[in-house]
Amino acid sequence: MISDKKGKLIAKRDVINFSLSLVLTAVFLYIAFHNVDFKKVLETSSRASLFWIVVYIVVLVSSHYLRAVRWKVIIDSVQPHAKMRNLFGALMVGYGVNCVIPRFGEITRAVLLGRWEKISRSSMFGTVILERVIDVIFLGLSVIAAALIYSGNLYLSFPWLKTTLFITSALIAAFIIFLLLIVKFKEKFYGVIIVYLGKISETVAHKAGYVFRMLTEGFSSLKGVQNYFLTILLSVVIMLLYALNAYVGMIMIGLPNINFATAWVVMSISAIGVVIPTPGGTGSYHALAKSALVLLYGYGEVISLAYAFLTHIISYFLFIISALIIFFVLNRYHDNLIKVVETEMEEL
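Because the structure is predicted, anything quoted here is derived from the model rather than measured. (Residues numbered from 1 in each chain as written. Predicted model: local features only at pLDDT ≥ 70, side-chain atom pairs only at ≥ 80, totals over all residues. Heavy atoms only, no water.)

**Q** A description of the overall build of the chain should follow, citing residues and the corresponding values.
**A** If you tally the helices and strands in the chain, you get 14 helices and zero strands. Counting from the amino terminus, helix and strand elements in the chain follow one another as α-α-α-α-α-α-α-α-α-α-α-α-α-α. Counting only residues that meet the buried cut, the chain has 44% of its 348 residues in that class. Sequence separation of 24 or more characterises 71% of the internal contacts of the chain that already satisfy a separation of 6 or more. Of the roughly 18,500 Å² that the chain leaves accessible, carbon and sulfur atoms contribute 71%. (Helix = DSSP H or I, 4+ residues; strand = E, 2+ residues; numbered from the N terminus. Buried < 20%, exposed > 50% of the residue type's maximum accessible area, 1.4 Å probe, protein only. Contact = heavy atoms within 4.5 Å. Areas by Shrake-Rupley, 256 points an atom, 1.4 Å probe, with all protein chains shown as cover.)

Structure follows, in structure tokens:
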């Protein structure tokens, strides 16, 4: 009876979260496309260079492959022999899921990698949270760099940006301190969880304690000076590839008078839209990418929206299609592998 009530509450919460994400998507899409002729946006998008579309996809996939490499570095102490096909596969499936249900992809890729690598799913979820913290830190640094690169006053065009940076920095600092305390005093935290939840239910207390141990294992997975250095280096290269992707996208759509600095600034602002919990950044990415191009560089609304529309839809369908293919291929591969092992064990 209790489990049924809990299941209903979780289902209700998921419906509310999904509904809110759809509302946010609708609001941002309205902001982005209000008073803009969508037919002209489509016409401009249709004239995009096929060659540069292919280049855009190559750079995009390369950036996410590097993310998988960084994930391998992060989990090195937990699973030093993790296979790249599993890491990259789980990552891309996670992105595909995020295009439908925001943030659920993080859970999905942790579960898939745990299954495919035969390691704790909870600890993998801990590494995903750690990776997301690193992402937010480097996004903040990229925005600060954009403010220095931009010839005018970036904060004047986006007055909410400075406040957002301050609040995010404070939250990240608090979260990092909390993580460090959890890792350092994990036994004490574990004891508190067992004692207080034990008053409600011993079963719940032990389950929560187990999850806590696995999460702390995930949080503390990044170890060693070399791995710290590699994580920072890969994060910098990933941000550079994201900016290169934006630059290629601008060439693809035919934006005049662009350079890498322009691409960096637009990438930094529009990336904030991807952080907002809308399915695959739909709406939020369009609104911020358009605003960056129109407000900061004076491009027309039609070509700015064509850039946002085309870059987003390429990424969106790439994630959805690759997620479906990878999921079924890798699942079949691992299921067949299990059958082979079982057959060999029976023969022995």
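There's plenty left to go through after this.
**Q** How would you explain the nonpolar core if you had to name every residue and give the values?
**A** Nonpolar side chains in soluble globular proteins tend to be buried together. Core analysis: the largest hydrophobic core is formed by 55 residues, its most contacted members being Leu154, Met250, Leu255 and Tyr307. For this core, the secondary structure elements donating two or more residues are α1 (2–33), α3 (50–74), α6 (121–149), α8 (160–184), α11 (225–253), α12 (260–275), α13 (284–297) and α14 (301–347). Among the elements that make up this core, the one with the highest residue count is α12 (eight residues). Met250 has contacts with Leu255, Ile258, Thr262, Ala263, Val266, Leu293 and Tyr307, leaving out every residue within four places of it along the chain. Membership of the second largest hydrophobic core comes to 23 residues, among which are Trp71, Leu113, Val128 and Phe319. (Core = buried A, V, L, I, M, F, W, Y, C linked by side-chain atoms within 4.5 Å.)

**Q** Run through a nonpolar patch on the surface, naming residues and quoting values.
**A** A cluster of nonpolar side chains, Phe18, Leu22, Val100, Ile101, Phe104, Ile107, Val111 and Phe125, forms an exposed patch at the surface whose accessible area comes to about 610 Å². Every element with two or more residues in the nonpolar patch is listed here: α1 and α5 (104–117). Broken down by element, the residue count for the nonpolar patch peaks at three residues, all from α5. Mapped onto the secondary structure, Phe104 falls in helix α5. (Patch = residues over 30% accessible without salt bridge, like charges linked within 9 Å, V, L, I, M, F, W, Y side chains within 5 Å. Salt bridge = Lys/Arg side-chain N within 4 Å of Asp/Glu carboxyl O.)

**Q** Can you lay out unusual backbone geometry for me, pointing to particular residues and giving the numbers?
**A** The phi angle at Arg103 is positive, at roughly 70 degrees, despite the residue not being glycine. Checked against the element boundaries, Arg103 lands in the loop between α4 (84–98) and α5. With a phi angle near 55 degrees, Asn257 is a residue other than glycine that sits in the positive phi range.

**Q** Please give an account of α13 that cites residues and values.
**A** Taking 1.5 Å as the rise per residue, α13 with 14 residues should run 20 Å; its terminal C-alpha atoms sit 19 Å apart, in good agreement. Of all 14 residues in α13, 10 are buried; the element is thus mostly enclosed. In the stretch just after α13, Gly298 is the one whose phi turns positive, near 75 degrees. (Expected span 1.5 Å × (residues − 1).)

**Q** Pulling in residues and values, what's your account of the confidence of the model for the chain?
**A** Detail in the predicted coordinates should be disregarded across regions flagged by low pLDDT. When pLDDT is averaged along the chain, the result is 85, and 90% of the positions lie at 70 or above. Of the regions scoring below 50 in pLDDT, residues 344–348 engages in zero contacts with residues more than four places distant in sequence or in other chains. (pLDDT = per-residue confidence, 0-100.)

**Q** Tell me about the environment of Ala292, residues and numbers included.
**A** Looking at the element boundaries, Ala292 is found in helix α13. We classify Ala292 as buried; its relative accessible area is 0%. Separated by 12 residues in sequence, Ala292 and Ser304 place their C-alpha atoms 8.7 Å apart.

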